[in-house]
Amino acid sequence: MAKKKSRYVCQSCGYVSPGWIGKCPECSSWSSFVEEVEESAPSAGGKKIHEPNVSAVNLREVRGLETERTKTGIGELDQVLGGGLVKGSVILVGGEPGIGKSTIMLQSAGILSGGRGRVLYVSGEESAAQIKLRAERLGIGTADISILPTNSLEDVLSALDKERFDYVVMDSIQTVSSAELNSAAGTVGQVRHVTYRLVEVAKGRAITVLIVGQVTKDGYIAGPKLLEHLVDTVLYFEGDYSRGLRILRSVKNRFGPTDEVGIFEMSDKGLIELKNYSFADDADRSVSGRVNVPVIEGTRAFLVEVQALVAPTFYQFPKRNAMGIDLNRMNMLLAVLDKKGGLNLAGSDVYINVAGGMKITETSADLALCAAMVSSYRERAIAPETTFIGEVGLTGTVRPVSNMKSRVAECYKMGIRKFYLPEKVEFDKKIEIVLTKDISSFLDMF
Ligand SMILES: Nc1ncnc2c1ncn2[C@@H]1O[C@H](COP(=O)(O)OP(=O)(O)OP(=O)(O)O)[C@@H](O)[C@H]1O
Ligand SMILES: [Mg+2]
């Protein structure tokens, strides 16, 4: 007889406890435990029944997997996927509510259904009429997509038994549950179980499965983080809502590179690809404290505008504030400018902002950050045709960084001709390179 067993699972981090507890010992969140009832497998005489049905295979005899890729037709998405969708793979697309997950799924479904395979769109949160409304807005109202509005995994599996589909979109994983478990949809157990079954189906029948996962700001709902290891590819949608920008990022990819990014603009006709997007604003030549700097995301270089404001302080302690860069990094650069460059900023408030809501995590922007701060301090504008690339060390030396050439190429494309660099770069177009090996000589030149 199948036995029922209760356990309590933290909805924030997945920690499992045999009894209910108020505070999670793992992630310290309060009242996050939810009961889940598990049915254990039938047993005979206290021993589990196990019938072996697999045997080991020699690697030499294993046939290689052909990674057959299909383009989604959305160039930026294909690039993030590493060249397209791999047959039989499972892709998780996570993002905050309203960011555009359903939009990109429906847009891709529309293109895929036009001769690239049969598509089943499972919606646990919207009715068929709501999906039709969105499809009409996206201009794909008559696409050959099968819509299945359901909250039951069993409905999905039976639809897949009845008809052959090449692609399944599951929108979203938190709204579909299985009758095999007693817990509610969206709980850790359900989300994991439904994903397991979908992975099984994808691998067994060579169906490509796209799973939408909701991410809340506090990450409280059982979400994509718990599923990352189960799926082949994990994409996250982020956004700069003020500009209508959407950034799609791959954080895991079993079939391609990670850290690739795709950039879109959200419009009433859906997501529009932005191929050569620059995060740098049209520059006003007379404004001090701003500089354009190239950053690398995956295989792409972007031009990003860094702004600095250095102003006399009215407080007992000067204020230091950084948006889009690490505050510790900024403090370290200020210390280097002080000690090695002889710049006295002790009486100044310093603010840094990276325009467009971008985040710079690379040390390659160190020199540019120093340049922006010095430019604001001395009230001397930096020409928009000038940029600075290099990592600044505690000793005040400026060091080369990776992908120097692609950074220079991206800058050249955006009109930059003068480069402060720690080493010479071979480049086939005419550019001016100012060799910058340490901070003190940099401050003299600048
Ligand atoms: N008529 C419209 N014109 C322009 N943009 C629109 C329009 N309708 C919706 N949008 C945009 O689409 C976004 C919603 O997209 P979508 O439903 O794909 O997001 P989602 O991530 O699936 O959201 P949820 O988490 O609620 O399912 C809105 O936030 C808005 O930016
Ligand atoms: Mg949605």
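Position labels on residues start from 1 in each chain and follow its written sequence. Chains and ligands are labelled by the order in which they are written, letters from A for the one and numbers from 1 for the other. Where totals are concerned, whole chains, interfaces and linings use all residues; where local detail is concerned, this predicted model gives features only for residues with pLDDT of at least 70, and gives and counts side-chain atom pairs only at 80 or more. Only heavy atoms go into the side-chain values, all of them from the structure, while hydrogens and water stay out.

Participant: Can you help me understand the overall build of the protein chain in this one?
Facilitator: In DSSP terms, a helix is any run of H or I states spanning at least four residues, a strand is any run of E spanning at least two, and both are numbered starting from the N terminus. Within the protein chain, the regular secondary structure consists of ten helices and 25 strands. Throughout this description, buried means an accessible area under 20% of the type-specific maximum (1.4 Å probe, protein chains only), exposed means over 50%, and partly exposed covers the range between. Across the 446 residues in the protein chain, those meeting the buried criterion constitute 50%. Contacts are residue-level and defined by heavy atoms, with any inter-residue pair within 4.5 Å sufficient. A sequence separation of at least 24 residues applies to 66% of the contacts in the protein chain between residues at least 6 apart. In this description, accessible areas are obtained by the Shrake-Rupley approach with a 1.4 Å probe, and a residue is regarded as covered only by the protein chains that are shown. Within the structure as shown, the protein chain displays about 21,700 Å² of accessible surface, and the carbon and sulfur contribution to it stands at 51%.

Participant: When you look at the site of ligand 1 in this model, what are you seeing that I'm missing?
Facilitator: Here, proximity means that at least one heavy atom of the residue falls within 4 Å of the molecule or strand. The local shell around ligand 1 holds 16 residues, among which Gly-98, Lys-101, Ser-102, Thr-103 and Arg-134 are the closest. Any N or O atom pair separated by 3.5 Å or less is treated as a polar contact, with the protein-specific requirement of one donor-capable and one acceptor-capable atom, and with residues adjacent in sequence counted only for side-chain atom pairs. For ligand 1, an oxygen atom lies 2.7 Å from a polar atom in the side chain of Ser-102. In the model, an oxygen atom of ligand 1 is placed 3.0 Å from a nitrogen or oxygen of the Glu-125 side chain. If ligand 1 stood free it would expose 640 Å²; the protein chains cover 65% of that surface. Those elements that provide at least two residues to the shell around ligand 1 are α2 (101-112), α3 (128-137) and β15 (261-267).

Participant: Help me understand the UniProt feature "binding site: ATP" (unreviewed entry) in the protein chain, please; the structure alone is not making it clear to me.
Facilitator: UniProt positions are given in the numbering used here, feature names are shortened, and annotations may be inferred rather than shown by experiment. Within this structure's numbering, the places UniProt gives as "binding site: ATP" (unreviewed entry) are Gly-95, Glu-96, Pro-97, Gly-98, Ile-99, Gly-100, Lys-101 and Ser-102. Looking at the element boundaries, Gly-95 is found in strand β8 (residues 90-95). Accessibility expressed as a relative area gives 2% for Gly-95, which makes it buried. Residues contacting Gly-95, with those up to four places away along its chain left out, are Lys-101, Gly-213, Gln-214, Val-215, Tyr-236 and Phe-237. Relative to the helices and strands, Lys-101 is located in helix α2. Exposure remark for Lys-101: the relative accessible area of 6% places this residue in the buried category.

Participant: I tried to follow the sheet that holds strand β21 (residues 386-388) on my own but got confused; where do I start?
Facilitator: Strand pairing in a sheet relies on backbone hydrogen bonds. The paired strands run either parallel or antiparallel. Within the open sheet, the three strands sit side by side as β21-β24-β25. Their pairing is parallel. The two strands at the open ends of the sheet, each matched to only one other strand, are β21 and β25 (432-435). Taken over all neighbouring pairs, the strand axes of this sheet differ in orientation by 20° on average, direction set aside. Paired strands, as defined in this entry, are two strands with at least two bridges between them according to DSSP. One ladder, built from three bridges, connects β21 with strand β24 (residues 418-421); its direction is parallel. Think of each axis as a best-fit line through the C-alpha atoms, taken over the contacting stretch in the case of a helix, with angles from 0 to 180 degrees between the N-to-C directions.

Participant: Even after reading the chapter, I still don't get the layout of surface pockets, so can you show me in this structure?
Facilitator: Over the atoms a probe the size of a water molecule is rolled, and this reveals where empty space is left. Considered as a void within the structure, the largest pocket measures approximately 340 Å³ in volume. The way it works is a 1 Å grid over only the protein atoms, where trapped points that fit a 1.4 Å probe form a cavity and open points with protein on both sides within 12 Å along at least five of seven lines form a pocket, and then any residue with an atom within 4 Å of a point lines it. Glu-238, Arg-249, Glu-297, Met-358 and Lys-359 are, among the 15 residues lining the largest pocket, the residues nearest its centre. Split into classes, the residues belonging to the lining of the largest pocket amount to five nonpolar, four polar and six charged. Domains are outlined according to an automatic or database domain assignment. Shared between two domains, the lining of the largest pocket takes at least three residues from each, and those domains are domain 2 (68-273) and domain 3 (290-445). Grid points are joined across faces, edges and corners, and a volume is the space filled by probe spheres set on the points. Under the convention adopted here, Pro, Cys and the residues Ala, Val, Leu, Ile, Met, Phe, Trp and Tyr are nonpolar, Asp, Glu, Lys and Arg are charged, and Gly plus all remaining residues are polar.

Participant: Honestly, the pairing of β15 in this entry has me stumped. Any pointers?
Facilitator: For β15, a buried count of five out of seven residues is recorded, marking the element as mostly surrounded by other parts of the structure. Hairpin connection between β15 and strand β16 (residues 270-273): a loop of two residues separates the two successive antiparallel strands.

Participant: Would you mind going over the packing of aromatic side chains with me for this structure?
Facilitator: Geometrically, a pair of aromatic rings is defined through the distance of the ring centres and the angle of the planes. Ring geometry is summarised as follows: Phe, Tyr and Trp rings, the Trp one being its six-membered ring, pair when their centres sit within 6.5 Å, and such pairs are stacked at plane angles under 30 degrees, edge-to-face over 60 and tilted between the two. Taken as a whole, this structure holds six aromatic pairs when the rule is applied. With a centroid separation of 6.4 Å and an interplanar angle of 90°, the aromatic rings of Tyr-15 and Phe-33 are classed as edge-to-face. Separated by 18 residues along the polypeptide, Tyr-15 in the loop between β1 (3-10) and β2 (16-17) and Phe-33 in strand β3 (residues 33-40) bring together distant segments of the chain. We classify Tyr-15 as partly exposed; its relative accessible area is 30%. Among the residues examined, Phe-33 registers a relative accessible area of 6% and is labelled buried. Relative to Phe-442, the ring of Phe-388 has its centre 5.7 Å away and its plane inclined at 85°; by these criteria the two rings are edge-to-face. Separated by 54 residues along the polypeptide, Phe-388 in strand β21 and Phe-442 in helix α10 (residues 439-445) bring together distant segments of the chain.

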